[in-house]
Amino acid sequence: MKRVNILDCTLRDGGYLIDSQFGNTAIKGSIRGLTESGVDVIECGFLKDEPHQNGSTIFNNAAQIRPFLPEDRKQASYVCLADYSRYHIDKLEAYDGRSIDGVRACFFKKERYDVIPFCRSIVEKGYKLYVQPVDILGYTDTELLELIESVNDLEPYAFSIVDTFGSMYREDLQRVFYLIHHNLWTNAKIGFHSHNNLQMSFSLSQDFIEMSQGLRDIVIDTSMAGMGRGAGNTNTELVMQYMNRKFNSGYDIDTILDLIDNYIDGFHNQYEWGYSIPYFLAGSHSAHVNNISYLSTKAGIASRDINFLLNRLDASDRKHYDYDLLEKTYLEYLNTQCDDLEAIEQLKKTLCGQDILILLPGHSLVMHKEKIDNYCESKNPIVISVNLLSADFPIHFAYFSNKNRYRYWKSATHFGDYKKIVTSNVTTVKEKDQYIIDFTRLVKCGWEQLDNSGILLLRLLDLMDVNSIAIAGFDGYSHNTTNQNYVQKAMEKTRNKLNAEEANRNIRSMLEDYMNTRNSQCSIKFITPSHFESVLV
């Protein structure tokens, strides 16, 4: 068979998760361990114009990388990735054999003509040139052939198939591979860089090895434990195991396992990567992962909503991220306007002058139930639950502005027993004992958590001239895995780890805005512990 090279890109692709701050010990230890394991090519990080910082895998030149490389290089090759739009190649000194020996030139399709002098300079400086076109599926066959013809004159070391959005299937890989193979300079290797959005990375890597047999030398990009932004990459340890089993390649997997134990697991405890439903949607739509991350912060969003919103975006818009456009599209999706004047008047007749107890679904409802019961006994308030049904409390109205929660509770046998207040982004279908409120009446832009149900309900009550408001279960979020954020485990968001501190800051800011702009002067207090108690002082 033709030779298969494994290129470990952990220190570069994994850097997206941690702002490239691996720390000097992890950088040096990883490069040394990867070298000892027999990995063929080790990507040490980025070449960028921004200053190199202590402990970072962002470098300005080859000299800064030299201290991290082992004296005994064995058979390993060392490379860095240079993004054409973020690095001036004149900062890279000529190859001297003491640092990296290859540069991976990364560029967008719109830059494919401008990048040729950049690539030529890499070759002239004596480095192996890896050509890394972003989103190869975004090229037509004609455009790809033109690019290959342009770089053939440079006699590149490798030309990579980059599945930027993790949207490739086997037939896509086969088509692109054979198109490149039949037209690329004969001595160039073909590389493959995949993302695991569709759970296809390892499978496609095996297919890539098989289809290259007797045709080309190849380079497969991998990362330890699949570490990489979003759904992550093909796992180094999996490809090593496959190569050892299939071709007796002799990679030392135990050394990789030690590196994962010593370095990567520590990052995995703090940062999330790997397959998930939102990242599956990103792969399905060839969408940039930042679009998914942004939409996933919305409190009331469901997976089907993300799927719908990505469909609403133009194909070219999905491949980039424009947060203003996403916010506009999201609000348009939520903006199911309705005439709610009658519902407002009916609610006002019931709630005007009353003491109100709001029950949000925080875990403090369980921990402080006795205190809540005592309050209900002494004040006899009208109790409004938020995205929650519970026989443990005397609920008069169940309020829903979260479509996901509404769908969840609608299947409960006792759903019809409650009077409900529902915002128009959830449903516009009028049913018995259900008051529908125009969502746009309550929402305000400017915050990631703009659809926080507790804040929206407070804005609604501001129209009702109530006598007082007591709040329970508005706990705020915690990263402490021993604590529940919600009254029920089933309500926890497991598909994406919420940034608790940022979410709390966001909600606090919204609550402060509410307190400063509300029309009513009724008293408001928390009766269970909350991250936001000081706002009401």
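Residues numbered from 1 in each chain as written. Predicted model: local features only at pLDDT ≥ 70, side-chain atom pairs only at ≥ 80, totals over all residues. Heavy atoms only, no water.

Participant: Before we go on, may I ask you to explain the overall build of the protein chain in this structure?
Facilitator: Along the backbone of the protein chain there are 20 helices and 16 strands. Taking the principal axes of the C-alpha coordinates as reference, the protein chain spans close to 80 × 45 × 45 Å. Sorting the 537 residues of the protein chain into buried and exposed places 59% on the buried side. Partitioning the contacts of the protein chain with sequence separation of at least 6, the portion at a separation of at least 24 is 72%. Just so you have it, the protein chain exposes about 23,000 Å², and 45% of that area is on carbon and sulfur atoms. Across the protein chain, the centroid of the 56 positively charged side chains sits 2 Å from that of the 70 negatively charged ones. (Helix = DSSP H or I, 4+ residues; strand = E, 2+ residues; numbered from the N terminus. Buried < 20%, exposed > 50% of the residue type's maximum accessible area, 1.4 Å probe, protein only. Contact = heavy atoms within 4.5 Å. Areas by Shrake-Rupley, 256 points an atom, 1.4 Å probe, with all protein chains shown as cover. Lys, Arg positive; Asp, Glu negative; His and termini not counted. Charge placed at Lys NZ, Arg CZ, Asp CG, Glu CD.)

Participant: Got a minute to help me understand the sheet that holds strand S12 (residues 397-400) in this structure?
Facilitator: Strand order across the open sheet formed by 7 strands is S14-S13-S12-S11-S10-S15-S16, with parallel pairing between neighbours. Every interior strand has two partners, whereas the edge strands, strand S14 (434-437) and strand S16 (523-526), have only one. Strand-to-strand twist in this sheet, taken as the mean axis angle between neighbours without regard to direction, amounts to 20°. Relative to strand S11 (residues 382-386), strand S10 (residues 355-359) runs parallel, the two being bridged by 4 bridges. If you follow leucine 357 over to S11, its bridge partner there is valine 383. Against the sheet, helix H14 (residues 341-351) contacts S10, S11, S12, strand S13 (419-423) and S14, and its axis sits at roughly 120° relative to S14. (Pairing = 2+ DSSP bridges. Axes fitted to C-alpha atoms, helices over the stretch in contact; angles between N-to-C directions.)

Participant: Looking at this model, I keep getting lost on the packing of helix H19 (residues 453-461) against helix H20 (residues 500-517). Mind explaining?
Facilitator: The axes of two packed helices give the description: the angle between them and the distance between them. Two numbers describe how H19 lies on H20: the axes approach to 10 Å, and their chain directions differ by 5°. One way to sum up the angle between H19 and H20 is to call them roughly parallel. Residue-level contacts link Ile455, Leu458 and Arg459 of H19 to Ile507, Met510, Leu511, Asp513 and Tyr514 of H20. Among the residues making up the contact of H19 with H20, the classes are represented as 6 nonpolar, no polar and 2 charged. (Parallel < 35°, antiparallel > 145°, perpendicular 65-115°, else oblique. Nonpolar A, V, L, I, M, F, W, Y, C, P; charged D, E, K, R; others polar.)

Participant: Can you walk me through the pairing of strand S1 (residues 4-8) in this structure?
Facilitator: Consecutive side chains along a regular strand alternate between the two faces of the sheet. Counting buried positions along S1 yields 5 of 5 residues, so the element is predominantly enclosed. The pairing of S1 with strand S9 (residues 218-222) spans 5 bridges and is parallel. Bridge pairing in S9 places aspartate 8 opposite threonine 222. Pairing of S1 with strand S2 (residues 41-47) involves 2 bridges; the strand directions are parallel.

Participant: Help me understand the pairing of S13 in this model?
Facilitator: S13 sits mainly inside the fold: 4 of its 5 residues count as buried. Handedness of the S12-helix H17 (residues 403-410)-S13 crossover: right-handed. Relative to S14, S13 runs parallel, the two being bridged by 4 bridges. Of the residues in S14, the one forming a bridge with valine 422 is isoleucine 436. (Right-handed = clockwise from strand over helix to strand, strands pointing away.)

Participant: Any chance you could explain a nonpolar patch on the surface here in plain terms?
Facilitator: Among the surface-exposed residues, Tyr275, Ile277 and Phe280 lie close enough to one another that they form a single nonpolar patch of about 250 Å² accessible area. You can see tyrosine 275 is positioned in the loop between helix H8 (253-268) and helix H9 (277-284). (Patch = residues over 30% accessible without salt bridge, like charges linked within 9 Å, V, L, I, M, F, W, Y side chains within 5 Å. Salt bridge = Lys/Arg side-chain N within 4 Å of Asp/Glu carboxyl O.)

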